Amino acid sequence: MLLSFLYVCTKSKAQQQPTQSIRGRVVDAESQSPIKGATVSVAETQFSTVTDTAGYFLLKQVPVGRVRVQVSFVGYQLYLTDQFILNSAKEPDLQITLSEEKKSLGQITITGIRNPKRPVNAYALTSGRSFSSEETQRFAASANDPGRMAMGFPGVQPSRDSRNDIVIRGNNPLGMNWRLEGLDIPNPNHFARKGSSGGGITIFSLSVLDNSDFYTGALAAEYGDVLSGAFDVHFRKGNQQKAEHTFKAGMIGLEFATEGPIQKGRSSYLINYRYSFLDILNAFGLHLVDERERNKFTDVSFNVAFNNKKNTVQTNIWGMGGYSKETFLAVEDTAQWKQYDDYAVYDSRTWMGAAGIGNTVKLNSKSFLKTSVAVMGQKITWVDDTLTTRQLATKVNDELYKNNRVSAAISYSLKMNDVLNMKTGVYANFLNYTFNKGEWNYGSNSYKPNVIMGEGNTMLLQPYIQFGLKPTSRLIINPGVHTMYFALNKQFVADPRLSVQYRFSAKSNLTAAYGLHSKTLPLGSYFYQSGNMFPNKELKMMRSHHYILAYDQLLGNRWRFHAEVYHQRLFQIPVVNDVNRTYWLLNEIEGYANEALVSKGTGTNTGIDLSLEKFFSKGLFMILSFSAFDSKYSPLNGKTYNTRFNSHTSGSWVGAKEWKLKKNKVLQAGWKMLYNGGVPLSPLAAVQNGSTRQPVLDETNPYSVFIRPYWRTDGRISLRKDKKKISWQLALDIQNMFAQENMDGLSRRYDPSTNKWTFKTQSGIVPVLSYQIDF
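Residues numbered from 1 in each chain as written. Predicted model: local features only at pLDDT ≥ 70, side-chain atom pairs only at ≥ 80, totals over all residues. Heavy atoms only, no water.

### What about the overall build of the protein chain?
Secondary structure assignment for the protein chain yields five helices and 43 strands. In terms of overall dimensions, the protein chain is globule-like: its C-alpha atoms have a radius of gyration of 27 Å, near the 28 Å expected for 775 residues. Out of the 775 residues belonging to the protein chain, those deemed buried represent 58%. Considering only contacts within the protein chain whose residues lie at least 6 apart along the sequence, 66% involve residues at least 24 apart. Counting every atom, the protein chain has about 31,000 Å² of accessible surface; 58% of that belongs to carbon and sulfur. Within the protein chain, one finds 89 positive and 63 negative side-chain charges whose respective centroids are separated by 7 Å. (Helix = DSSP H or I, 4+ residues; strand = E, 2+ residues; numbered from the N terminus. Rg over C-alpha atoms; globule rule 2.2 N^0.38 Å. Buried < 20%, exposed > 50% of the residue type's maximum accessible area, 1.4 Å probe, protein only. Contact = heavy atoms within 4.5 Å. Areas by Shrake-Rupley, 256 points an atom, 1.4 Å probe, with all protein chains shown as cover. Lys, Arg positive; Asp, Glu negative; His and termini not counted. Charge placed at Lys NZ, Arg CZ, Asp CG, Glu CD.)

Written out as structure tokens, the structure reads:
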């Protein structure tokens, strides 16, 4: 009788515990062939299944919470995910790739050790890591933005509260490459910077992201038009079995996502829409950025996916688009106007959109073909005015930049045998552009309309080939070459790449990598006009040699130590053709060149990145990182100076802790501590040019004055609950929770009335409350 009672109680408790299914597909990493009979299990549980003939699997009635999925198959490396949240409303669909393991007598014995942060791209051996949407969300005060999340990664220098500019190892953010669904895209940020890669927040939402990659140097051969690093972003497929929805409301805005099957088991849709509340908060006197700044944005993203009956052809139609507006107002009380910045205002607007179709065709058991075509466009306007006390505006700067393109890519991947793989392809961008900049000339008291002017079409072609060799189970060699042809000025370059990894054991490896990287200038820089001439049109591509030596050590099953020593040698960087000038294009945080330049500047970035990471387990994850580096440049005089981004040191400590509560609730507390050693600034010259009101710098001592170091601590606390078919989460993120007053050295404004810089103090405490429900 007692045993029967205990059985009924246990069964009743189990029935109260919400469960969820985990489905997905397992394929070979190099050939994309389905792997039949692979064992898929939830680590440290009894839940297990095997894949069918098409590589698909389904794990049913798995208790919700944090889980790790493990996949094993004879002849392949063990696959282990990082712990992810399995909730009662969202059924995950995992796309898993297994790497074949070359084994021979006396060599490595495969164990249950694997770095779950290895890049999705199998040819990337170092300076890269994968990330998921769930990981991005758990980073405190990341605003669900991959760019802000990346500031907690080794080698990335945090320095701004309100923007996500990615400064990698002393490089300018314009050296970044953004890739979406296999195609390079224009700057995908709201409040995008002119001629750079950063902004306020990414246009695409976390709700549509699949596992994606972030790189900080020595990239694989398929990546081009890049100097520093890359985001390689993928959209996930919607659920092909049932409809699912997400609604989110917070201080930043509203968000709604929906997904589900079109034809069950064969096709699906995924759509996400966001609308910001920032302008509404501003109207009530709440300002997340600056009390004189007004912001708003809206965006939409989607992915529609199909596959044929035999799963040999997969097609997806994807898209994203967004609009943002930022205005800076004058001090309301004109009696308080004391300096130029008090009555200087601006209006900035950004439109960006991209839509494309991708197709993957399985040719045979060893090869596949991928094609992608997309239409993209971006428009940025920026207007600066000064006001009189009667609120009459005088336009002092007016900029319009349009960048439209048709992009196409095709790649062929072949797994020749268990030793040699190959991938080759080409990217083609057909560019249409319009650039125009005018400014007020205070000397002649007139408006000069065409300081920068360009309109037309051009093309950028990027063929590449990449090989992967595994001569032994300990050694991997990945050689390749990336080429570029820029039709605007008929420039051609070839960039060799090579990475070699030696595995001491299943837990440790040493990797050496080299890559030559080239990048076109921001397009507007080619169209500076002097009289009837365009002196910058023949400027060469900027180039950089990357040398990296990396050591990786897994400590037990849950910890990872990583160290990278690097040296970068930049050349063909545009400078002024005057030995008395020290201008260097890569010191500009945004905008385009507005004087004649020559491609004769050089630079170096040398340093070390150290990190200790605990993968999510036992309710805890963290990343502790520190970087020490030196970033220098040389203009025509041959002397060496600090670059604008030479803060010498940077670091971060990011983490989160979870506690399981009663009634299927989970409490999470997270933190993010960011540090930057302080960026250098150039002092002003004693005598200024009164005709433009643009600052004249003391070019004998460029970037010789350092601002104080940047410190910031963010916090996050959230409560998550799972019901039978619904899951909700209430979260509070606090940016700069200790109200540290940081100077914004990268966004100073010049006051011509006093011949001084005007610096803004960055954000104080910024609380962001949000509520999300999945159903």
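### Here we look at empty space enclosed by the protein
Evaluated as defined, the whole model comprises nine cavities of 30 Å³ or more. Estimated volume of the largest cavity: approximately 580 Å³. Residue assignment for the lining of the largest cavity shows that the elements contributing at least two residues are β11 (177-180), β23 (367-387), β24 (393-415) and β25 (420-441). For the lining of the largest cavity, the per-class residue count stands at 14 nonpolar, nine polar and five charged. By volume, the second largest cavity is sized at about 110 Å³. Taken together, 17 residues form the lining of the second largest cavity, with Tyr123, Ala218, Leu219, Ala220 and Ser499 sitting closest to its centre. Of all the secondary-structure elements, those providing two or more residues to the lining of the second largest cavity are β28 (491-503) and β29 (508-519). The dominant element in the lining of the second largest cavity, judged by the number of residues it contributes, is β28, at three residues. (1 Å grid on protein atoms, 1.4 Å probe; cavity = no way out; pocket = protein on both sides within 12 Å on 5 of 7 lines; lining within 4 Å. Points joined across faces, edges and corners; volume = space filled by probe spheres on them. Nonpolar A, V, L, I, M, F, W, Y, C, P; charged D, E, K, R; others polar.)

### Re the nonpolar core
Counting residues in each nonpolar core, the largest one holds 38 residues, and the members touching the most others are Phe153, Ile166, Phe204, Phe214 and Phe231. Contributing elements (two or more residues each) for this core: α3 (146-150), β11, β16 (230-233), β21 (313-328), β22 (344-364), β23, β33 (620-634) and β35 (649-661). Not counting residues within four places of it along the chain, the set of residues in contact with Phe153 comprises Arg129, Glu135, Phe139, Phe214, Ile623, Ser625 and Ser652. In terms of nonpolar packing, the next biggest core, distinct from the first, is built from 36 residues, Tyr433, Leu488, Met542 and Leu597 among them. (Core = buried A, V, L, I, M, F, W, Y, C linked by side-chain atoms within 4.5 Å.)

### Things to note about the sheet that holds strand β3 (residues 48-50)
In space, the four strands of this open sheet follow the order β3-β2-β6-β7, with antiparallel pairing throughout. The open sheet terminates on both sides in strands that have one partner only, identified here as β3 and β7 (79-80). With three bridges connecting them, strand β2 (residues 39-42) and β3 associate as antiparallel partners. Within the sheet, the bridge partner assigned to Ser41 lies in β3 and is Ser48. (Pairing = 2+ DSSP bridges.)

### Some points on the environment of Gln462
The residue Gln462 is located in strand β26 (residues 446-469) in this model. Considering only alpha carbons, one finds Gln462 and Val167, 295 residues apart in sequence, at a separation of 25 Å. Sequence-distant contacts of Gln462, that is, excluding residues within four places in its chain, are made with Asp184, Gly224, Asp225, Gly425, Val426, Tyr427, Asn429, His482, Thr483 and Met484. Side-chain polar atoms of Gln462 contact the side chain of His482, separated by 2.9 Å. (Polar contact = N/O pair within 3.5 Å; in protein donor to acceptor, adjacent residues only side chain to side chain.)

### Side note on the pattern of salt bridges
Under the criterion given, the structure shown has 45 salt bridges. Close ionic contact of Asp552 with Arg560 constitutes a salt bridge, the shortest N to O distance being 2.6 Å. Residues Arg716 and Asp733 are paired through a salt bridge, measuring 2.8 Å at the closest nitrogen-oxygen approach. A residue pair is termed long-range when its members are at least 10 positions apart, and Arg716 in strand β39 (residues 710-722) and Asp733 in strand β40 (residues 727-735) qualify at 17 residues. Asp733 matches Arg716 in its accessibility class, with the two residues each being buried. Counted as one network, the salt bridges with shared partners bring together Asp82, Lys117, Arg129, Glu135, Asp552, Arg560 and Glu613. (Salt bridge = Lys/Arg side-chain N within 4 Å of Asp/Glu carboxyl O.)

### Quick word on the side chain of Gln157
Residue position: Gln157 is located in the loop between α3 and β11. From its side chain, Gln157 meets the backbone nitrogen of Gly170 in a polar contact 2.6 Å long. Within the local environment of Gln157, its side chain forms a polar contact with the side chain of Ser647, the two groups lying 3.3 Å apart. Excluding residues within four positions of it along the chain, Gln157 makes contact with Val167, Ile168, Arg169, Gly170, Phe629, Phe645, Ser647, Ser650 and Asn676.

### What about a nonpolar patch on the surface?
A cluster of nonpolar side chains, namely Tyr502, Phe504, Leu510, Leu549, Leu555, Phe561, Val565, Ile608, Leu610 and Phe626, defines an oily patch on the protein surface of about 790 Å² accessible area. Counting residues per element, the ones that place at least two in the nonpolar patch are β30 (542-555), β31 (559-575) and β32 (598-617). Looking at the secondary structure, you find Phe626 in strand β33. A relative accessible area of 39% means that Phe626 is categorised as partly exposed. (Patch = residues over 30% accessible without salt bridge, like charges linked within 9 Å, V, L, I, M, F, W, Y side chains within 5 Å.)

### As for the pairing of strand β27 (residues 475-486)
Note on strand geometry: in a regular strand, side chains alternate between the two faces of the sheet. Of the strand pairs in this sheet, β26 and β27 are connected by six bridges, and their pairing is antiparallel. In the sheet register, Ile465 faces β27, and the bridge partner there is Val481. Count of turn residues in the β26/β27 antiparallel hairpin: five residues. Two strands pair when backbone bridges link them, and β27 and β28 are joined in this way by twelve bridges, in the antiparallel orientation. Across the sheet, Thr483 pairs through a bridge with Ala494, a residue of β28. The hairpin turn running from β27 into β28, its antiparallel successor, is four residues long, and Lys490 in that turn takes a positive phi close to 60°.

### A look at the pairing of strand β19 (residues 267-276)
Looking at chain direction, strand β18 (residues 253-261) and β19 are connected through nine bridges and run antiparallel. By the bridge assignment for β19, Thr258 is matched with Ile271. Linking β18 to β19, which pair antiparallel, is a turn of five residues; within it Gly265 sits at a positive phi near 80°. Note that β19 and strand β20 (residues 293-307) share nine bridges and pair antiparallel. From the neighbouring strand, Ile271 faces β20, where its bridge partner is Phe302.

### What to know about the packing of aromatic side chains
Throughout the structure, instances matching the rule amount to 32 aromatic pairs. Seen from their ring centres, Tyr514 and Tyr547 are 5.2 Å apart, and the 45° between their planes marks the pair as tilted. Taken together, the residues span a long stretch of sequence, with Tyr514 in strand β29 and Tyr547 in strand β30 at a distance of 33 residues. Exposure remark for Tyr514: the relative accessible area of 22% places this residue in the partly exposed category. Here Tyr675 and Trp711 contribute two aromatic rings whose centre-to-centre distance is 4.7 Å and whose plane-to-plane angle is 50°, an arrangement assigned as tilted. With Tyr675 in strand β36 (residues 665-676) and Trp711 in strand β39, the pair connects residues that are 36 residues apart, well separated along the chain. We classify Trp711 as partly exposed; its relative accessible area is 45%. Note that Arg138 overlies the ring of Phe621, its terminal NZ or CZ placed 4.5 Å from the centroid. Positioned above the aromatic ring of Tyr566 is the side chain of Arg169, whose terminal nitrogen or guanidinium carbon lies 4.4 Å from the ring centre. (Phe/Tyr/Trp six-rings, centres within 6.5 Å; stacked < 30°, edge-to-face > 60°. Lys NZ or Arg CZ within 6 Å of the ring centre and 35° of its normal.)

### So, the confidence of the model for the protein chain
Per-residue confidence for the protein chain averages 90 on the pLDDT scale, and 95% of its residues sit at or above 70. Between the elements of the protein chain, mean pLDDT differs from a low of 43, seen in helix α1 (residues 2-16), to a high of 98, seen in β27. Ignoring residues within four places in sequence, the model shows residues 1-14, a span with pLDDT below 50, making zero contacts including any to other chains. Scored below 50 in pLDDT, residues 104-112 shows 17 contacts in the model against residues more than four places distant or in partner chains. (pLDDT = per-residue confidence, 0-100.)

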